[in-house]
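Here is how the chains run, residue by residue.
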Amino acid sequence: MKITGSISGGENTTIMLLKRDVSSSVVVDSAEIDASGQFKFKVDVEAPSFYMLQIAKRSPVTLLLTPGEKVEFNADAKTFDRGYKVVGSTGSAQVQDIYIRLVTLKDQVDSLSELSKGLSGSQDALLSIYSKIDSLVLAHKEYSISFMQKNVNSIAPVFALYQQVAEDVFLF
């Protein structure tokens, strides 16, 4: 399995490839992103597995890699985990879909939670905000269930099962 890519704004920094298991991550390899932003990895992948790409001070990107894939990964260092493009890996595209939706949900919930802090005297307004949060979480949960049903021949639904909407608050 081969990963090539570029990280705009990540020149001359290190990118790490980690293998993700249920409870831990292990560094498999690291590479220096060259002066033109390019990097590459070649890894033996024996079965579909979760891996992560990570650069310093950025949230990692989860990939679902399958033996024989030739993956192209492109991102900007500033928006590494939110604005990346992955080609050549169906599983990684599936994981990206559910991840970007989860990040969007978290942003919406954070925004509404912040808004609620200024409404301590208005119970109706607070109830409206909490109702909106509940409906957003429910909609994401329904999407995730549909995602899992559509992708039964992949291990991508495992990623969906372990989604956290807040620290130590799992969707399922």
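In this report, we go over the structure that sits alongside the text. (Residues numbered from 1 in each chain as written. Predicted model: local features only at pLDDT ≥ 70, side-chain atom pairs only at ≥ 80, totals over all residues. Heavy atoms only, no water.)

Tallying secondary structure elements over the protein gives three helices and 10 strands in all. Dimensions of the protein, computed from the C-alpha atoms along their principal axes, are close to 55 × 35 × 25 Å. Taking contacts inside the protein between residues at least 6 apart in sequence as the whole, the part at least 24 apart equals 50%. Of the roughly 9,900 Å² of accessible surface on the protein, a fraction of 51% belongs to carbon and sulfur atoms. In the protein, 17 side chains carry a positive charge and 20 a negative one; their mean positions are 4 Å apart. (Helix = DSSP H or I, 4+ residues; strand = E, 2+ residues; numbered from the N terminus. Contact = heavy atoms within 4.5 Å. Areas by Shrake-Rupley, 256 points an atom, 1.4 Å probe, with all protein chains shown as cover. Lys, Arg positive; Asp, Glu negative; His and termini not counted. Charge placed at Lys NZ, Arg CZ, Asp CG, Glu CD.)

Here four strands make up an open sheet; going across it, the order is S3-S2-S5-S6 and the pairing antiparallel. The two strands at the open ends of the sheet, each matched to only one other strand, are strand S3 (25–32) and strand S6 (61–65). Here the strands of the sheet are splayed against their neighbours by 25° on average, with no regard to which way each runs. Relative to S6, strand S5 (residues 49–55) runs antiparallel, the two sharing five bridges. What sits directly across from serine 49, in S6, is leucine 65. Against the sheet, helix H1 (residues 90–117) makes contact with S5 and S6, and its axis sits at roughly 145° relative to S6, the strand it touches most. (Pairing = 2+ DSSP bridges. Axes fitted to C-alpha atoms, helices over the stretch in contact; angles between N-to-C directions.)

Direction vectors running N to C along H1 and helix H2 (residues 123–150) enclose 175°, while the axes themselves pass 10 Å from each other. For the element pair H1 / H2, the angle class is roughly antiparallel. Of the residues in H2, those touching H1 at Gln94, Asp97, Ile98, Arg101, Leu102, Leu105, Gln108, Val109, Leu112, Ser113, Leu115 and Ser116 are Leu126, Ile129, Tyr130, Lys132, Ile133, Leu136, Val137, His140, Tyr143, Ser144 and Phe147. Classifying every residue of the contact of H1 with H2 by side-chain character gives 14 nonpolar, six polar and three charged. (Parallel < 35°, antiparallel > 145°, perpendicular 65-115°, else oblique. Nonpolar A, V, L, I, M, F, W, Y, C, P; charged D, E, K, R; others polar.)

We now examine the nonpolar core. Ranked by size, the top nonpolar core spans 24 residues in total, and within it Ile3, Ile7, Ile15 and Phe73 carry the most contacts. Looking at this core, the elements that each hand over two or more residues are strand S1 (2–8), strand S2 (14–20), strand S4 (38–42), S5, S6 and strand S7 (70–76). Grouped together as the second largest cluster of nonpolar side chains are 11 residues, Val95, Phe147, Met148 and Ala156 included. (Core = buried A, V, L, I, M, F, W, Y, C linked by side-chain atoms within 4.5 Å. Buried < 20%, exposed > 50% of the residue type's maximum accessible area, 1.4 Å probe, protein only.)

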